[in-house]
Amino acid sequence: MEAWANYRRTGLPKLVPGPAAVLTMVPLRAPYPANEQDLNKANLSAAIARQGGSSPTSPLWWDVN
């Protein structure tokens, strides 16, 4: 997780998705755990609303790119 966060913070090294990638860009966020929906639905929904989505391409609050 630290290496991924440092990549997101610095943008280095330059990464591109492979030819068989499902997404056209490198993911910006990790998904929430599956059990979060079952165990903490109200807070999860509130957090997703505050941060503007939860898709892999939604930027994190600290992402300045």
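The structure displayed is predicted, hence computed values, not measured ones.

Within the chain, the secondary structure is distributed over 3 helices and 0 strands. Along the chain direction, N to C, the helices and strands of the chain fall in the order α-α-α. Relative to the 2.2 N^0.38 estimate, which gives 11 Å for 65 residues, the radius of gyration of the chain is 14 Å and therefore markedly larger than a compact globule would have. The C-alpha extent of the chain, read off along each of the three principal axes, is 35 × 25 × 20 Å. When the 65 residues of the chain are sorted by exposure, 18% land in the buried category. Looking at the chain as shown, the accessible area adds up to about 5100 Å², and 62% of this sits on carbon and sulfur atoms. Computing the positive centroid from 6 side-chain charges and the negative centroid from 4, the chain places the two 8 Å apart.

It is worth spelling out the side chain of Ser58 at this point. Mapped onto the secondary structure, Ser58 falls in the segment after helix 3 (41-51). Residues contacting Ser58, with those up to four places away along its chain left out, are Leu28, Arg29, Gly52 and Gly53.

Structurally, the position occupied by Glu36 is in helix 2 (residues 34-39). Those residues in contact with Glu36 that sit more than four places away from it in its chain are Lys41 and Leu44.

Glancing now at the confidence of the model for the chain. Per-chain confidence: the chain averages 86 in pLDDT, with 97% of residues scoring 70 or above. For the chain, helix 1 (residues 2-10) is the element with the lowest average pLDDT, namely 83, and helix 3 is the one with the highest, namely 92.

The rules behind these values
- Residues numbered from 1 in each chain as written.
- Predicted model: local features only at pLDDT ≥ 70, side-chain atom pairs only at ≥ 80, totals over all residues.
- Heavy atoms only, no water.
- Helix = DSSP H or I, 4+ residues; strand = E, 2+ residues; numbered from the N terminus.
- Rg over C-alpha atoms; globule rule 2.2 N^0.38 Å.
- Buried < 20%, exposed > 50% of the residue type's maximum accessible area, 1.4 Å probe, protein only.
- Areas by Shrake-Rupley, 256 points an atom, 1.4 Å probe, with all protein chains shown as cover.
- Lys, Arg positive; Asp, Glu negative; His and termini not counted.
- Charge placed at Lys NZ, Arg CZ, Asp CG, Glu CD.
- Contact = heavy atoms within 4.5 Å.
- pLDDT = per-residue confidence, 0-100.

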